Amino acid sequence: MPGNSQRRGAVRKSGKGATVGSGGQRRRGLEGKGPTPKAADREYHPAHKRARAVAKRSGGLGGSGATAGRGPARRSKASSEMVYGRNSVVEALRADVPVATMYIATRIDTDDRVREALKLATERGLAILETPRGELDRLTDGGVHQGMALQVPPYDYAHPNDLVDPEMPGIPLVVALDGITDPRNLGAIVRSVAAFGGHGVVVPERRSVGMTASAWKTSAGAAARIPVARASNLTRALEEFKKAGFFILGLDMDGDVELPDLALASEPLVIVTGSEGKGLSRLVRETCDQIVSIPMSSAVESLNAGLATGVTLYEIARQRRG
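Bear in mind that the values here come from a model prediction, so they are computed numbers and not experimental data. The residue numbering used here restarts from 1 in each chain and proceeds along that chain's sequence as written. Where totals are concerned, whole chains, interfaces and linings use all residues; where local detail is concerned, this predicted model gives features only for residues with pLDDT of at least 70, and gives and counts side-chain atom pairs only at 80 or more. Hydrogens and water molecules were not included; the side-chain quantities draw on all heavy atoms of the structure.

Turning next to the overall build of the chain. Think of it this way: any DSSP run of H or I at least four residues long counts as a helix, any run of E at least two long counts as a strand, and we number them from the N terminus. On a plain count of helices and strands, the chain comes out with 12 helices and 14 strands. For every residue, the accessible area (1.4 Å probe, protein chains only) is compared with the maximum for its type, and the residue is labelled buried under 20%, exposed over 50%, or partly exposed between those bounds. Here the chain, with 322 residues, has 40% of them falling under the buried criterion. Counting only contacts in the chain whose residues sit at least 6 apart along the sequence, the fraction spanning at least 24 positions is 75%. For accessible areas, the Shrake-Rupley method is used with a probe of radius 1.4 Å. Any residue's cover is judged against the shown protein chains and nothing else. Summing over all exposed atoms, the chain offers an accessible surface of approximately 18,500 Å²; the carbon and sulfur share of this is 50%. Whether two residues are in contact is decided by their heavy atoms, any of which lying within 4.5 Å being enough.

Pasting the structure below:
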């Protein structure tokens, strides 16, 4: 019908000029805008707030806690750590833990710990901010800060490939941790690696301890000299070490060889320490060239991860010197 054709092809006029038909505007308005983001990824959704609260609670160990970023865009970045409480602050400063800022409450009641903390912070040239108690409550997520807190910057992790360096002095010796979650064990292992001529430590990104202030303190300053690398996949990192000429030795109670009979001490080595409860994971164990055990009295069930690693590193150093 001519009348209908004319209506469909008619030019509609508006104040913005002439357009033909709707220009597809209604069709575009009905088009989808992609999948709906997960509830936990939506900043104002209760699920997102619950996830942030869980992250904050899981980050704290003893007198320290980790702050959580807002939303998934910041979650991949390392976050600063807050160390709070007078004893914890003084111990961290004594141990030369890296500090970005020191916070002290307005009109704080001073004692020997406060005076020592201020003295140490001033000697190191740290930024000292006088802060209302309400702001300290927020920064420490309601922790018992006693009017003092330190902001510890994120640790600058190395890459596992950085530990494959032909310019390193001596025979290469690296320790990898499989499922270790106690920061004091990590700090003790870093200290042992430094003491016995090791070159670095590798930790996985997931289900593993990181270089927190507690780990730094336990290392007694060794963390300033020994690099800690973070691997996205520990098994693949170990395979890369093997390609570079390293032998992979796993520590376990049921070993192929007892420590004094170790014949690979003079070779480039990666020593893999598993968790005390579960030991080495299956894939990591299968990647090892040899499983080594430490002979002990039957009255003792096992050594903790830090001690077992220290004993092993000592024996390797002894054989290399001999």
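Moving on, we get to the nonpolar core. Core analysis: the largest hydrophobic core is formed by 61 residues, its most contacted members being Leu186 and Val201. Setting aside chain neighbours within four positions, we find Val201 in contact with Leu163, Val175, Leu177, Leu186, Ile189, Val190, Val193, Ile226, Pro227, Val228 and Ala229. Core analysis: the second largest hydrophobic core is formed by 20 residues, Ala158, Val174, Ala229 and Phe241 among them. Buried Ala, Val, Leu, Ile, Met, Phe, Trp, Tyr and Cys residues form a nonpolar core when they are joined through side-chain atoms within 4.5 Å.

Strand order in this open sheet of 7 strands is S10-S9-S8-S13-S11-S14-S12, and the pairing throughout is parallel. Two strands close off the open sheet at either side, each with one partner strand: strand S10 (228-231) and strand S12 (257-258). At least two DSSP bridges between two strands are required for those strands to pair. Alignment of S12 against strand S14 (residues 290-293), held across 2 bridges, turns out to be parallel. Pairing of Glu258 across the sheet is with Ser293, part of S14. To define axes, lines are fitted to C-alpha atoms, for helices over the stretch in contact only, and angles between the resulting N-to-C directions are given on a 0 to 180 degree scale. Contacts from helix H8 (residues 183-195) reach strand S8 (173-178), strand S9 (200-204) and S10 within the one sheet, and its direction differs from that of S9 by about 155°. Against the sheet, helix H10 (residues 234-243) makes contact with S8, S9, S10, strand S11 (247-251) and strand S13 (269-274), and its axis sits at roughly 160° relative to S8, the strand it touches most.

This paragraph deals with helix H6 (residues 112-124). Take the number of residues in a helix, subtract one, and multiply by 1.5 Å to get its expected span. Relative to the 18 Å expected for 13 residues at 1.5 Å per residue, H6 spans 18 Å between its end C-alpha atoms, a close match to the ideal helical length. Among the residues making up H6, those that are buried are Val114, Ala117, Leu120 and Ala121. Relative to the axis of H6, the buried residues are bounded by an arc of 135° and lie together on one face. Residues of H6 that are exposed and point more than 90 degrees away from the buried face comprise Asp112, Lys119, Thr122 and Glu123. What the arc covers is the set of directions going from the helix axis to the C-beta atoms.

A regular strand places its side chains so that they alternate between the two faces of the sheet. Within S8, 6 of the 6 residues are buried, leaving the element largely enclosed by the surrounding structure. The alternating pattern of S8 places Leu173, Val175 and Leu177 and Val174, Ala176 and Asp178 on opposite faces, both of which are buried. Sheet topology note: the S8/S13 ladder contains 6 bridges and is parallel. Directly across from Leu177, in S13, lies its bridge partner Thr273. Pairing of S8 with S9 involves 3 bridges; the strand directions are parallel. Bridge pairing in S9 places Ala176 opposite Val202.

Glancing now at a positive patch on the surface. The patches described consist of residues with a relative accessible area above 30% and no salt bridge, like charges being joined within 9 Å and nonpolar side chains (Val, Leu, Ile, Met, Phe, Trp, Tyr) within 5 Å. Salt bridges are defined as contacts in which a side-chain nitrogen from Lys or Arg sits within 4 Å of a carboxyl oxygen from Asp or Glu. The charge count includes Lys and Arg as positive and Asp and Glu as negative, but it does not include His or the ends of the chains. Every charge is mapped to an atom, namely NZ of Lys, CZ of Arg, CG of Asp or CD of Glu. On the surface, a cluster of positive charge is contributed by Arg206, Arg207, Arg236 and Lys278. In this fold, Lys278 is placed in the loop between S13 and helix H11 (282-287).

Turning our attention to the pairing of S13. Among the 6 residues of S13, 6 are classified as buried, and the element is accordingly described as predominantly covered. In S13, alternate side chains face the same way, and those of Leu269, Ile271 and Thr273 on one face and Val270, Val272 and Gly274 on the other are all buried. Pairing analysis gives 5 bridges linking S11 to S13, with the strands arranged parallel. Paired with Phe247 across the strands is Leu269, a residue of S13.

With that out of the way, let us pick up the layout of surface pockets. In this structure, the second largest pocket encloses a volume near 420 Å³. Forming the walls of the second largest pocket are 18 residues, and the residues nearest its centre are Asp178, Pro204, Arg206, Arg207 and Ser281. For the lining of the second largest pocket, the elements supplying multiple residues, two or more each, are H10 and H11. Lys, Arg, Asp and Glu make up the charged group, whereas Ala, Val, Leu, Ile, Met, Phe, Trp, Tyr, Cys and Pro make up the nonpolar group; the residues left over, Gly among them, are polar. Its residues assigned to classes, the lining of the second largest pocket comprises 6 nonpolar, 7 polar and 5 charged. Site definitions follow a grid-based scheme: protein atoms alone, a 1 Å grid, a 1.4 Å probe that fits but cannot get out for cavities, and for pockets an open set with protein on both sides within 12 Å along at least five of seven lines, plus lining residues having an atom within 4 Å of a point. Grid points are joined across faces, edges and corners, and a volume is the space filled by probe spheres set on the points.

Purely geometric numbers; function is a separate question.
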